[in-house]
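Coordinate inspection notes
Residue strings, one per chain:
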Amino acid sequence: MISFLVLTVLLIYSPTCLPNTDIPQMEVLSYSSDSTLPWPPEGTAENDPPAKWPGHKEQLGKRHPRVKVDVAYKKGFPSAQDFYTNFVERKSPVVFSHAVDNKDYDFLSLEKLNSSGRAALSFVEISSFRAKEKEANSVRNFVNTMMSKTFYVSDSLHNNYKSIFKLPLCLQCSYLVDLLVETSHILMGHVYPLPVKQSGQDVLHCQVDGSKEMLLVDPKEYPEIESLLELDMAPKGRASLLNSLAVDYEKYPALTRVKEFKIALLGPGDCIYIPAYWVTQSNILTKENSVEIKWTPSSWTPDSDCAKGLKNRFLSSLSFPGEKYFGVDPTLDKKGILVDKVSIILDKMLKEKKTFNFAEFMEAIVKDEELLPELQEWTVESTARAKE
């Protein structure tokens, strides 16, 4: 039987089934973090057996010194130049507080996903904790009826949302645009410990809803941490089978050589920059609605010209080769334009009544004089989605 930990790792890298396993009590460590604690702890010698070290069979990082990641901006993102110079170039993680809890990004909130026409038009692969099979369903239906049960979404940000997701200010540089790799969107309605992992890309992780605690280690400072990463999940990165809620120092003695962890507590709207190759482990503390943008860790030193024309650029106009998505000019994106128009009609109908049949929906479209000429772009797939 595949172990609980293997399946936990696969949850993030390739969605699959997870068993109905009780999860040990998870602690929030941020509030009790103390960077001045000695390591090795008092009364522990370097040559003591790993099982004798404080923290054995306890939650990862509980007994270690923990240094809180700096919160550099209290509201929103910095400019690309500030972001690169102060953090990316230095490979220093940083939290941007309340960066995406504003009108530019509220379309991704669970409240909007639960009620919007766009969410009803956006079909994703739904995975289950209890079965290997996946099912296609709309984001709206998932959030409305499935998220609180044993289901989750772990995929690229849907194209219908790329078309209204503005490139964050800190990434608005043409030199960086060419380095973009992929996006991700995770939805889960459960408290859950995520696996220890390492990405080969720089990451901007944004917590749209819910809260999460994240431990981080720089492998350049503590190279021993990489011995935990026994799973090669190329091209996504590497991961570990370590049980983060009951760490076995006998199996992973290298953790006794890691002298401190960085730690960050993310709430709704917070974003964190994670430098490439840093090792992380996250715990979902309430529920999960997060988005990530990843890029190749190459030099992209900003200047005064690189931000031109990017202020109001949407992700749909940019390419993400890691997910085989290629940007399209918004004025030429016929499918995107049609989705925008149909979404408006659906929003109106959903406000009037929560349920309606296919005939009522098509009647509303035919009555819309602005949308009617666009029906030539309506496909068999569009009909199938509308019926669903």
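Report follows, based on the coordinates. (Residues numbered from 1 in each chain as written. Predicted model: local features only at pLDDT ≥ 70, side-chain atom pairs only at ≥ 80, totals over all residues. Heavy atoms only, no water.)

Things to note about empty space enclosed by the protein
Rolled over the atoms, a probe with the dimensions of a water molecule shows which regions are left empty. Within this structure, the stated rule accounts for 4 cavities of 30 Å³ or more. Counted as a void, the largest cavity has a volume near 60 Å³. Considering the residues around the largest cavity, the lining is formed by Leu 60, Val 196, Leu 215, Leu 216, Val 217, Ile 225, Leu 228, Leu 255, Phe 261, Val 279, Thr 280 and Gln 281. Elements that contribute at least two residues to the lining of the largest cavity include exactly β11 (212-217) and β16 (279-284). Of the volumes computed, that of the second largest cavity is approximately 40 Å³. Forming the walls of the second largest cavity are Val 124, Val 139, Val 153, Asp 155, Ser 156, His 158, His 185 and Leu 187. Of all the secondary structure elements, the ones that give two or more residues to the lining of the second largest cavity are β6 (151-155) and β7 (180-188). (1 Å grid on protein atoms, 1.4 Å probe; cavity = no way out; pocket = protein on both sides within 12 Å on 5 of 7 lines; lining within 4 Å. Points joined across faces, edges and corners; volume = space filled by probe spheres on them. Helix = DSSP H or I, 4+ residues; strand = E, 2+ residues; numbered from the N terminus.)

Quick word on the packing of aromatic side chains
One pass over the full model with this rule turns up 16 aromatic pairs. Both rings, one in Phe 83 and one in Trp 295, keep their centres 6.3 Å apart while their planes meet at 70°; by these two values the pair is edge-to-face. Of the two residues, Phe 83 sits in helix α2 (residues 80-88) while Trp 295 sits in strand β17 (residues 288-295), which places them 212 residues apart along the sequence. For Trp 295, a relative accessible area of 0% puts it in the buried group. Linked through ring pairs, Tyr 73, Phe 77, Phe 83, Tyr 84, Phe 87, Phe 96, Tyr 273, Trp 295 and Trp 300 together constitute an aromatic cluster. Taking the ring centre of Tyr 325 as reference, the NZ or CZ of Lys 162 above it sits at 5.0 Å. (Phe/Tyr/Trp six-rings, centres within 6.5 Å; stacked < 30°, edge-to-face > 60°. Buried < 20%, exposed > 50% of the residue type's maximum accessible area, 1.4 Å probe, protein only. Lys NZ or Arg CZ within 6 Å of the ring centre and 35° of its normal.)

Looking at a nonpolar patch on the surface
On the surface, Val 28, Tyr 31 and Leu 265 cluster together into a nonpolar patch covering about 300 Å² of accessible area. Looking at where Val 28 falls in the secondary structure, it is placed in the loop between α1 (4-13) and β1 (66-68). (Patch = residues over 30% accessible without salt bridge, like charges linked within 9 Å, V, L, I, M, F, W, Y side chains within 5 Å. Areas by Shrake-Rupley, 256 points an atom, 1.4 Å probe, with all protein chains shown as cover. Salt bridge = Lys/Arg side-chain N within 4 Å of Asp/Glu carboxyl O.)

Some points on the pattern of salt bridges
All chains considered together, the criterion is met by 19 salt bridges. With a closest N to O distance of 3.4 Å, Asp 106 and Lys 112 form a salt bridge. Given a relative accessible area of 32%, Asp 106 falls into the partly exposed group. You can call Lys 112 partly exposed: its relative accessible area is 33%. We note a salt bridge from Glu 182 to Lys 294, for which the minimum N-O separation is 3.8 Å.

Notes on the pairing of β16
With 6 of 6 residues buried, β16 is to be regarded as a mostly interior element. Across the two faces of β16 the burial is the same, with Val 279, Gln 281 and Asn 283 and Thr 280, Ser 282 and Ile 284 all buried. Note that strand β8 (residues 192-193) and β16 share 2 bridges and pair antiparallel. Within the sheet, the bridge partner assigned to Tyr 192 lies in β16 and is Ile 284. Sheet analysis places strand β9 (residues 197-198) next to β16, joined by 2 bridges and oriented antiparallel. (Pairing = 2+ DSSP bridges.)

Structural notes on the sheet that holds β7
Spatially, the 9 strands line up as an open sheet ordered β2-β3-β15-β10-β17-β7-β6-β4-β5, and their pairing is mixed. The sheet terminates laterally at β2 (71-73) and β5 (135-138), the two strands that pair on one side only. Going across the sheet, the axis of each strand differs from the next one's by a mean of 30°, ignoring polarity. Across 3 bridges, strand β3 (residues 94-96) lies against strand β15 (residues 271-274) in antiparallel orientation. From the neighbouring strand, Phe 96 faces β15, where its bridge partner is Cys 271. Contacting β2, β3, β10 (202-209), β15 and β17, α2 crosses the sheet at an angle of about 160° to β2. Its contacts with the sheet place helix α5 (residues 139-146) against β4 (123-128), β5, β6 and β7, and it is angled at close to 95° to β5. (Axes fitted to C-alpha atoms, helices over the stretch in contact; angles between N-to-C directions. Contact = heavy atoms within 4.5 Å.)

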